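Each chain, written out:
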Amino acid sequence: MPDLSLPGPLDRLAAALTPGPADYVSDQGSDVYDVTHYDLDLDYTVRTNRLVATARITVVLREAAKQLDFDLDGLTVSDVRVDGESVRRWRTRGAKLIVPLPGETGARRRLQVVVSYGGRPGPRTGPWGEVGFEELTDGALVAAQPDGAPTWFPCNDRPSSRATYRISVTTESAYTVVANGELVSQRRSSSRTTTVFDNPTPTAPYLATIQVGRYGAVEPEGLARGDVPQRIYVPDRLRRRAAHDFGRQTEMMRLFVDRFGPYPFSRYDVVVTDDSLEIPLEAQTVSIFGANHVDGRRHSERLVAHELAHQWFGNAVGLARWRDIWLNEGFACYSEWVWWDHLGSRRLRATAERHHAALRDEPQDIRVADPGAERMFDDRVYKRGALALHAVSCAVGPEAFDAIVRSWVARHLDTVVTTDDFRAHLAAAQPGLEDVLSPWIDEEDLPDLPPTPPAPRRRRS
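Undergrad: I'm lost on the sheet that holds strand S3 (residues 65–71) in this one. Help?
TA: Think of a sheet as strands paired side by side through backbone hydrogen bonds, with each pair either parallel or antiparallel. Spatially, three strands are ordered S3-S7-S6 in an open sheet, and the strand pairing comes out antiparallel. Two strands bound the open sheet, and with one partner strand each, they are S3 and strand S6 (91–93). Mean inter-strand twist for the sheet, computed between neighbouring axes without regard to direction, equals 35 degrees. As defined by bridge partners, S6 adjoins strand S7 (residues 96–105) across three bridges and the pair is classed as antiparallel. From the neighbouring strand, Thr 92 faces S7, where its bridge partner is Leu 97.

Structure, rendered in structure tokens:
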């Protein structure tokens, strides 16, 4: 195996702050600056769906600039300040907040921009449906992938723009609030409660979230000292079903830690809304499921595995650009197969054969490494991405593949990557291995499945 020494923290920080092209979401984000920290104070009233908020945004300029463009959609700005000075000529244009700077401000300058804003938040509609802030029957959620973050706070909305967060939410005391990171304080005043979360790990805007609902908290079965802290936030009426359906999540976490490396965050929470949702969705340290995903029979357990795997693939190791989304979804889909194989309910080879046969009947007109904006969430990106990883595993054997995956996560923890980075990682592990990957992601025609791996997996104790 190659040298697997890890980059230092300064190298990781520099990589995390390297912007990627706007890519598939062409009107989002800015190359002019990086955000290093968001401090969000949100006062939200569930009954009227009213938000009054202040965002304190720490910005570092990448180049000399005369203005800063933030993404903000559907909300009204009332005041803007830069380094404590009121800005009089800020303006909005479409889904942009444009903040002029005094003269031309030089590169590497650090600024604090404070934006006061509010309104009735709601999702934005685009090629991927409705995304962002969504009012529920009795509560609210944020599911922002890929471009919904501006529906609840001003941001530099690119997957490559990763920052730390402090999120404070004040709402009616009957509601529980869940957000990214650690709950650091909770204070009740009259009929309203303020809940504060600290998230010290670099997080893309689309992975930031708040969840507001009438939730109780349960721990998944089998949680022991030394396990990753986990909670399931669920309405009382769904408590028993959720306890069963997420009952093997502790075992799942242990398996993924074994296969992918240490869990990259301090905790993992799941929210089950009282409403039905079309699909579950990951945020950093949090996954969101609908009531329809909890039936008491574990029919959605593959999705439990899928969303958990995203904490490594997509969250800890992020995307520099959306065209490489197969790196998120291919690994998450492959992780479903790993879980089934672990249970013995369906061997990985049989799963690969099943999905390969299904893909044979689909149009052969997509390149997984660059599927196009309208098809970035096409199921073929997920399944062919997973088959690409299976092909690499077949080429080197399961034990060597696990080592490759663990070193991939360790090397790129808290940074952003591209497909070319993954090719280079494979080539460093074994020259020519990148050529095994290429037909699955670079060509439209579906390759044949490779032969069975040379040896069965040795079960770890």
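Undergrad: Can you walk me through the side chain of His 390 in this structure?
TA: Considering the arrangement of structural elements, one finds His 390 in helix H7 (residues 379–396). His 390 has contacts with Tyr 334, Leu 348, Arg 349, Ala 352 and Leu 449, leaving out every residue within four places of it along the chain.

Undergrad: Please clarify how the confidence of the model for the chain should be interpreted in this entry.
TA: Caution applies to low-pLDDT regions: their predicted coordinates should not be interpreted in detail. Per-residue confidence for the chain averages 93 on the pLDDT scale, and 93% of its residues sit at or above 70. Low pLDDT, under 50, characterises residues 1–22; the predicted model gives this stretch 43 contacts beyond four residues in sequence or across chains.

Undergrad: What is the right way to read the sheet that holds strand S4 (residues 76–82) from this model?
TA: Taking strand neighbours across the sheet as the criterion, the eight strands line up as S5-S4-S8-S2-S1-S12-S15-S14 in an open arrangement whose pairing is mixed. Edge positions in the sheet fall to strand S5 (85–86) and strand S14 (182–189), since each of these pairs with one other strand and no more. Where S4 lies against strand S8 (residues 110–119), six bridges are found, and the strand directions are antiparallel. The partner of Thr 76 across the bridge, within S8, is Gly 118.

Undergrad: Is there a simple way to think about unusual backbone geometry in this case?
TA: Among all residues except glycine, the phi angle is most often negative; among peptide bonds, the trans geometry is most common. In this structure, the amide linkage connecting Gln 145 to the following residue, Pro 146, adopts the cis form with an omega of 0 degrees. Although it is not a glycine, Asn 49 adopts a positive phi angle of roughly 50 degrees. By secondary structure assignment, the location of Asn 49 is in the loop between strand S1 (33–45) and strand S2 (50–61). The class of Asn 49 is buried, set by a relative accessible area of 4%.

Undergrad: Help me out: how do you make sense of the pairing of strand S18 (residues 230–234) in this one?
TA: For a regular strand, side-chain orientation follows a simple rule: the groups alternate between the two sheet faces. Along S18, four of the five residues are buried, which leaves the element largely enclosed by surrounding structure. In the sheet, strand S17 (residues 216–218) pairs with S18 via three bridges, with the strands oriented antiparallel. Each bridged residue has a counterpart across the sheet, and for Gly 216 the counterpart in S18 is Val 234. Sheet topology note: the S18/strand S19 (residues 268–272) ladder contains four bridges and is parallel. Following the sheet pairing, Gln 230 is matched in S19 by Tyr 268.

Undergrad: When you look at the nonpolar core in this model, what are you seeing that I'm missing?
TA: For soluble globular proteins, the rule of thumb is that nonpolar side chains tend to be buried together. Residues Leu 42, Leu 68, Tyr 117, Trp 152, Phe 153 and Phe 256 are the most contacted members of the largest nonpolar core, which totals 127 residues. The element contributing the most residues to this core is helix H5 (residues 326–343), with 10 residues. The contact partners of Leu 42, leaving out residues within four places of it in the chain, are Leu 51, Val 52, Ala 53, Tyr 117, Trp 152, Ile 167, Ser 168, Val 169, Thr 170 and Ile 210. In this structure, Leu 136, Leu 141, Val 178 and Leu 277 belong to the second largest nonpolar core, which totals 10 residues.

Undergrad: Looking at this model, I keep getting lost on the environment of Ala 95. Mind explaining?
TA: Structurally, Ala 95 is set in the loop between S6 and S7. It is 17 Å that separates the C-alpha atoms of Ala 95 and Asp 79, two residues lying 16 residues apart in sequence. Not counting the four nearest positions on each side in its chain, Ala 95 is found in contact with Phe 70, Asp 71, Leu 72, Asp 73 and Arg 124.

Undergrad: Help me understand the pattern of salt bridges in this model?
TA: When the charged atoms of two side chains lie near each other, side chains of opposite charge can form a pair. Using the criterion set out here, one finds 28 salt bridges in the structure. When the shortest N-O distance is used, the salt bridge between Arg 192 and Asp 43 registers 2.8 Å. Residue Arg 192 is found in strand S15 (residues 192–203), and its partner Asp 43 is found in strand S1; the two are separated by 149 residues along the sequence.

Criteria and cut-off values
- Residues numbered from 1 in each chain as written.
- Predicted model: local features only at pLDDT ≥ 70, side-chain atom pairs only at ≥ 80, totals over all residues.
- Heavy atoms only, no water.
- Pairing = 2+ DSSP bridges.
- Helix = DSSP H or I, 4+ residues; strand = E, 2+ residues; numbered from the N terminus.
- Axes fitted to C-alpha atoms, helices over the stretch in contact; angles between N-to-C directions.
- Contact = heavy atoms within 4.5 Å.
- pLDDT = per-residue confidence, 0-100.
- Buried < 20%, exposed > 50% of the residue type's maximum accessible area, 1.4 Å probe, protein only.
- Core = buried A, V, L, I, M, F, W, Y, C linked by side-chain atoms within 4.5 Å.
- Salt bridge = Lys/Arg side-chain N within 4 Å of Asp/Glu carboxyl O.

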